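# Report on the structure
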Amino acid sequence: MGCKVDHLPIKYLGLPLGANPKRLKTWDPVVEKIERRLSVWRGRYNSSGGKLTLINSSLVNQPIYFMSIFKMLASVAKMLEKIQRKFFWGDLIDKRKLHLIKWEVICKKKENGYLEVKNLMVQNLSLLAKWWWRFNKDSNSLWVKAVDSALWGDIGVDRWNLHFGRGLRDWETLQVQELKQKLQLVFLDSSSRDSLNWRWSSDIRFLVKSVYNQWESNGHSRSPVIDALWKNLSPPKVEIFAWMAIQSKVATRSILLGRNLILEGESTRCPFCSLHLETPQHLFLHCHFSWDVWSQILDWWHVQWVCPASLEAHFRWWVDNRFRKLEKKLWEATFFATLWSLWLVRNEYVFNNATSRVEVIGEHVKSRVAMWIKAMFDIKVFLERDSERGRESGDYGGKEDGGWIPVLKNHRSQRRDKSGKEMYMLFVDNIPESKDLQWLSKTFKMFGVVKDAFIPRKRSKCSGNKFGFVT
């Protein structure tokens, strides 16, 4: 009849039909696809926030299709996690970078204070649980009837009679005994129709996400302090850096010394004061240079403080301060900008033998907070007349000398106190509304932002998207 003869396994709808999922070769297409997406060259041109997004997005399409049909081997999961780890920490082909935090910690839920990279084994089991739900809901399907006749026996009103299509292994026998003990507590009513509800979703429908969240939530307590980090007030890479710094997991000299990565004769002292060992707590908080930076910034807000014992305690105190809605955003963004500015200046000290002053760091903090807030919220409108005059004259002054006058939409000025107005003008008064990249680059040069300048991206209001960062 001219039919083509082939042998199993064959590819059907993107899956290897007839392949054995317990063989490593079956998972080769998934491993190769993730390796291509998380290649070394991509890691060189992405920040930690961009890497995190790419890692989670690498599981879509073919990988998620495989994981929803086949039970993943533990060795395959370890192989994929190794690829993810190397990509996130920036490992090269012949060089391993410093891995500062365990991957198991990074995979935990963000609301518990972590980065929430998808746990592959948990994701796989959550996807496979969908078949259990469909088995109970689609009772008229052919595949359900086939499985039902092969695995299960009759179910009585007052007892459960179970039989299986094959003999049970020792560990399976113990599980069946536990199942029977639980089923003894379940009484069936033959007069009513069976129904199946999912209690971990609001509309009692089964959701794979709810299975994953429930699985990951077991045994993990919520951390309100760390949870306050994830408010999208700064670029993702800055939030991730702050998360690591609060846990004392940044590559200071004390961390390098503990891993025997300090070269012989290399100093381990703080680059700012040259007096004490450079630990994360000393570098960002207890060094007199850092103390002066924090004190200068708090003077802007007319806030008095006492230096806390740790950076985590400092952040807890910072987020507990009460301000009005807009001022609260500025206040919290200032913490991230200060931490990030100190780290960049520290690197300039260590790698370029540069020096800086407290006042200069303060200006960098102002400019970063202004650009971050302006990128996240619709802080405009600038008077067109003043904007055009500023373009022609090159004058980048504030309100008093003919610069730009920002007006916050849907926010009545009379609701803000005097200090709130002052802080608002302090951060956003001198940020011009730019419509082209050349004009924006002049703005960055004016404020002296170093290395972490990014473009505020405005998305369409009709699409419902919030303002976001281009990292």
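Residues numbered from 1 in each chain as written. Predicted model: local features only at pLDDT ≥ 70, side-chain atom pairs only at ≥ 80, totals over all residues. Heavy atoms only, no water.

What follows covers the overall build of the protein chain. The helix and strand inventory of the protein chain stands at 21 helices and four strands. Per-residue burial for the protein chain yields a buried fraction of 43% across its 471 residues. The long-range share in the protein chain, meaning contacts at least 24 apart out of those at least 6 apart in sequence, stands at 64%. Surface summary for the protein chain: the accessible area is close to 27600 Å², and the carbon and sulfur share equals 53%. (Helix = DSSP H or I, 4+ residues; strand = E, 2+ residues; numbered from the N terminus. Buried < 20%, exposed > 50% of the residue type's maximum accessible area, 1.4 Å probe, protein only. Contact = heavy atoms within 4.5 Å. Areas by Shrake-Rupley, 256 points an atom, 1.4 Å probe, with all protein chains shown as cover.)

Most of helix 12 (residues 236–246) is tucked away: ten of the eleven residues are buried. Three or more residues of helix 12 are buried, namely K237, V238, E239, I240, F241, A242, W243, M244, A245 and I246.

All told, the structure shown has seven salt bridges when counted by the stated rule. E172 serves as the salt-bridge partner of R169, at 3.7 Å between the closest nitrogen and oxygen. By relative accessible area, which is 12% here, E172 ends up buried. For E332, the salt bridge identified is with K328, shortest N-O distance 3.5 Å. Of the two residues, E332 and K328 are both situated in helix 17 (residues 325–352); the distance of four residues between them amounts to about one turn of the helix. K328 carries the same exposure label as E332, and that label is buried. (Salt bridge = Lys/Arg side-chain N within 4 Å of Asp/Glu carboxyl O.)

Following the sequence through the fold, E278 ends up in the loop between helix 13 (253–258) and helix 14 (280–286). A polar contact is formed between the side chain of E278 and the backbone nitrogen of R253, at a distance of 2.8 Å. What E278 contacts, discounting residues up to four positions off in sequence, is T252, R253, S254, T268, R269, C270, P271, L283 and R346. (Polar contact = N/O pair within 3.5 Å; in protein donor to acceptor, adjacent residues only side chain to side chain.)

Moving on: the packing of aromatic side chains. The final tally for this structure, using the stated rule, is 30 aromatic pairs. Here F88 and W103 contribute two aromatic rings whose centre-to-centre distance is 6.1 Å and whose plane-to-plane angle is 65°, an arrangement assigned as edge-to-face. You can see F88 sitting in helix 5 (residues 74–89) and its partner W103 sitting in helix 6 (residues 103–106), a full 15 residues away along the chain. Of the two residues, F88 and W103, both sit in the buried class. When the ring of W294 is compared with that of F335, the centres are 5.6 Å apart and the planes differ by 35°; the resulting orientation is tilted. You can see W294 sitting in helix 15 (residues 288–301) and its partner F335 sitting in helix 17, a full 41 residues away along the chain. (Phe/Tyr/Trp six-rings, centres within 6.5 Å; stacked < 30°, edge-to-face > 60°.)

As a further point, take the environment of D292. Along the chain, D292 falls in helix 15. Classification of D292 as partly exposed rests on a relative accessible area of 36%. For the pair D292 and E359, spaced 67 residues apart in sequence, the C-alpha to C-alpha distance is 9.5 Å.

So, about unusual backbone geometry. Unusually for a residue other than glycine, E116 sits at a positive phi of about 60°. Structurally, E116 is set in the loop between helix 6 and helix 7 (120–137). Since its relative accessible area comes to 22%, E116 is described here as partly exposed. Of note in this structure, S274 is not a glycine but carries a positive phi near 55°. Within the secondary structure, S274 is located in the loop between helix 13 and helix 14. Residue S274 is classed as partly exposed on the basis of its relative accessible area, which comes to 46%.

Looking now at the confidence of the model for the protein chain. Averaged over the protein chain, the pLDDT score is 75; the fraction of residues at 70 or greater is 74%. Model confidence for the protein chain, summarised as mean pLDDT per element, is weakest for strand 4 (residues 468–470) at 35 and strongest for helix 14 at 94. Contacts of residues 379–418 to residues separated by more than four positions or lying in other chains number 73 contacts, the stretch itself having pLDDT below 50. The low-confidence segment residues 430–471 (pLDDT under 50) makes 94 contacts with residues lying over four places distant or belonging to another chain. (pLDDT = per-residue confidence, 0-100.)

Turning our eyes to something else, we now look at the nonpolar core. The tendency in soluble globular proteins is for nonpolar side chains to be buried side by side. In this structure, L80, I106, W243, F272, F284 and L339 are the most contacted members of the largest nonpolar core, which totals 85 residues. Counting residues per element, this core draws most heavily on helix 17, at 14 residues. Excluding its chain neighbours within four sequence positions, the residues that come into contact with L80 are V30, V31, I34, M72 and L120. By size, the runner-up hydrophobic cluster in this structure holds five residues, among which are A129, W198, F206 and V211. (Core = buried A, V, L, I, M, F, W, Y, C linked by side-chain atoms within 4.5 Å.)

Let us look at the layout of surface pockets. Of the voids in this model, the second largest pocket is the one considered here, and its volume is about 1600 Å³. Surrounding the second largest pocket, 45 residues form its lining, K51, F88, W89, G90 and K97 being those nearest its centre. Contributions of two or more residues to the lining of the second largest pocket are made by helix 2 (40–44), helix 3 (48–57), helix 5, helix 12, helix 13 and helix 17. (1 Å grid on protein atoms, 1.4 Å probe; cavity = no way out; pocket = protein on both sides within 12 Å on 5 of 7 lines; lining within 4 Å. Points joined across faces, edges and corners; volume = space filled by probe spheres on them.)

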